[in-house]
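# Secondary and tertiary structure notes
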Amino acid sequence: MKTPSLSVIVAVRNVEKYLPKMLSSIDGQRKFLHELIFIEDGSADGTAVILEEFVKNRNNIHLLKINPSGVSFARNLGLQKATGDFVLFLDGDDFFNEFFFEKMLNAVKEDTDVVVCCSRELDDVTGLSCSQHWAVRKDNYPNNGNQVFYKYLGWAWDKIFRREFLLKNGIQFPNLQNSEDLVFVYKALLLTNKVEVIDDELIYHRVSNSLSLSNLRSKHVSDAYNAVKQLHDFLISNQKITEKNSICFQEWAADFILWAYKIEKSSLEELTKSFPIIQWNELAHKKKMYFKPLDLKLYYILSNLPSPIRKFYFLLFFLKKYGVKRFLIRTLSETLKTILNLKSKFP
């Protein structure tokens, strides 16, 4: 089989601090790229200048400048312009392993629509990284049914997609300021069972970065539930709601909403009123969940235990889902950010 061609689409805004690292990791692998498309979304810093210099004397690298329009518009424009067999959507602050493009393309088979790789999380404050082993759940889902919510996270940057498959099914990023990835990704995964998974950790995803697209969530908090509603409607309209898929979606949606809205205390009545698509009462009384930490998290949120005990339960939830190393890195990162904030206030 001939190696397929790859178009890499990068929507960027105000990432001059991180671009050199990303561009360096791309430049060494350009021989595996059909084209590289940057959508510069109205940056106020030196992002455009860096990219203008980078595209000089480099073939198949394109820079499109647009007025600030949001990441979804930028990525959809890139998809419209792309001509490769497969497309990859990256963020401007991420970077990757030297074999990233090669291994992703080598994993493609004749009928593959999506390739997923494992990844590492890089804390921007401490510079420390850890495995995101929980992002591809190989041992935490039933073997029957296309239950993609159990298997994968709704990230676009750790996956390549067959461009013809996306266009044929009309899959685009929705007009949301955050959580747009998960609508796009889960629609694609629900419409195919032709997915290849690479065990290697090939990409580094930066966290604790105040300029990251994912940090827009606090400014556009309603987008998280809007994304869940769009997926719910998509499942119904495409008759993807089987009994198993319904349970799968409900558990995923509850877990995502509790995380996105940073809910630490509530009641079933409050959750049902705020997020009626989710069957909170059924989940609260469900004895076995494939999202294994969700029962612990729901107990933490709904319980009337004293605050210290509830915090202990939350710690157990975090450790159970993410592991000790990530907990220690996040704790150190938050401590350093607090110290830096205090120093800025009291120089």
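Now for a quick tour of the structure. (Residues numbered from 1 in each chain as written. Predicted model: local features only at pLDDT ≥ 70, side-chain atom pairs only at ≥ 80, totals over all residues. Heavy atoms only, no water.)

### Some points on the overall build of the chain
On a plain count of helices and strands, the chain comes out with 14 helices and nine strands. Sorting the 347 residues of the chain into buried and exposed places 52% on the buried side. Long-range pairs, those at least 24 residues apart, make up 78% of the contacts in the chain with a sequence separation of at least 6. (Helix = DSSP H or I, 4+ residues; strand = E, 2+ residues; numbered from the N terminus. Buried < 20%, exposed > 50% of the residue type's maximum accessible area, 1.4 Å probe, protein only. Contact = heavy atoms within 4.5 Å.)

### Some remarks on the side chain of Asp-255
By the secondary structure assignment, Asp-255 is in helix H9 (residues 243-260). The residues contacting Asp-255, other than those within four sequence positions of it, are Phe-291, Leu-294, Lys-297 and Lys-321.

### Overview of the packing of aromatic side chains
Working definition: an aromatic ring pair is given by the centre-to-centre distance plus the angle between the planes. Taken as a whole and assessed by the stated rule, the structure comprises 20 aromatic pairs. When the centroid spacing of 5.2 Å and the interplanar angle of 50° are considered together, the rings of Phe-96 and Phe-101 count as tilted. Of the two residues, Phe-96 and Phe-101, both sit in the buried class. When the ring of Trp-252 is compared with that of Phe-256, the centres are 5.5 Å apart and the planes differ by 5°; the resulting orientation is stacked. (Phe/Tyr/Trp six-rings, centres within 6.5 Å; stacked < 30°, edge-to-face > 60°.)

### Topic: the side chain of Arg-162
For Arg-162, the location among the structural elements is in strand E8 (residues 159-162). For Arg-162, a relative accessible area of 19% gives the class buried. When neighbours within four sequence positions are excluded, Arg-162 is seen to be in contact with Asp-85, Phe-86, Val-108, Lys-109, Glu-110, Asp-111, Thr-112 and Asp-113.

### So, the pairing of strand E4 (residues 86-91)
A large share of E4 lies buried, amounting to six of its six residues. Every second residue of E4 is oriented toward a common face, with Phe-86, Leu-88 and Leu-90 on one face and Val-87, Phe-89 and Asp-91 on the other, all of them buried. Examined bridge by bridge, strand E1 (residues 6-12) and E4 share six bridges and lie parallel to one another. Residue pairing in the sheet places Val-8 in a bridge with Leu-88 of E4. (Pairing = 2+ DSSP bridges.)

### Regarding helix H3 (residues 71-81)
For H3, a buried count of eight out of eleven residues is recorded, marking the element as mostly surrounded by other parts of the structure. When we look at burial in H3, the residues that qualify are Val-71, Ser-72, Ala-74, Arg-75, Asn-76, Leu-77, Gly-78 and Leu-79. Those residues of H3 hidden inside the fold are in contact with E1, strand E2 (35-41), strand E3 (61-66), E4, helix H6 (163-168) and helix H7 (180-190).

### Overview of the pattern of salt bridges
Counted under the stated rule, the structure contains 16 salt bridges. The shortest N-O distance in the salt bridge between Asp-181 and Arg-75 comes to 2.3 Å. On the criterion of sequence distance, the pair formed by Asp-181 in helix H7 and Arg-75 in helix H3 is long-range, its members being 106 residues apart. Each member of the pair, Asp-181 as well as Arg-75, is classed as buried. Here Arg-206 ties to Asp-124 by a salt bridge, and the two come within 3.1 Å at their closest N and O atoms. Of the two residues, Arg-206 sits in strand E9 (residues 195-207) while Asp-124 sits in the loop between strand E6 (114-123) and strand E7 (129-131), which places them 82 residues apart along the sequence. Through salt bridges with shared partners, a single ionic network connects Arg-75, Asp-91, Glu-180 and Asp-181. (Salt bridge = Lys/Arg side-chain N within 4 Å of Asp/Glu carboxyl O.)

Fair warning: the whole summary comes from geometry, so function is off the table for now.
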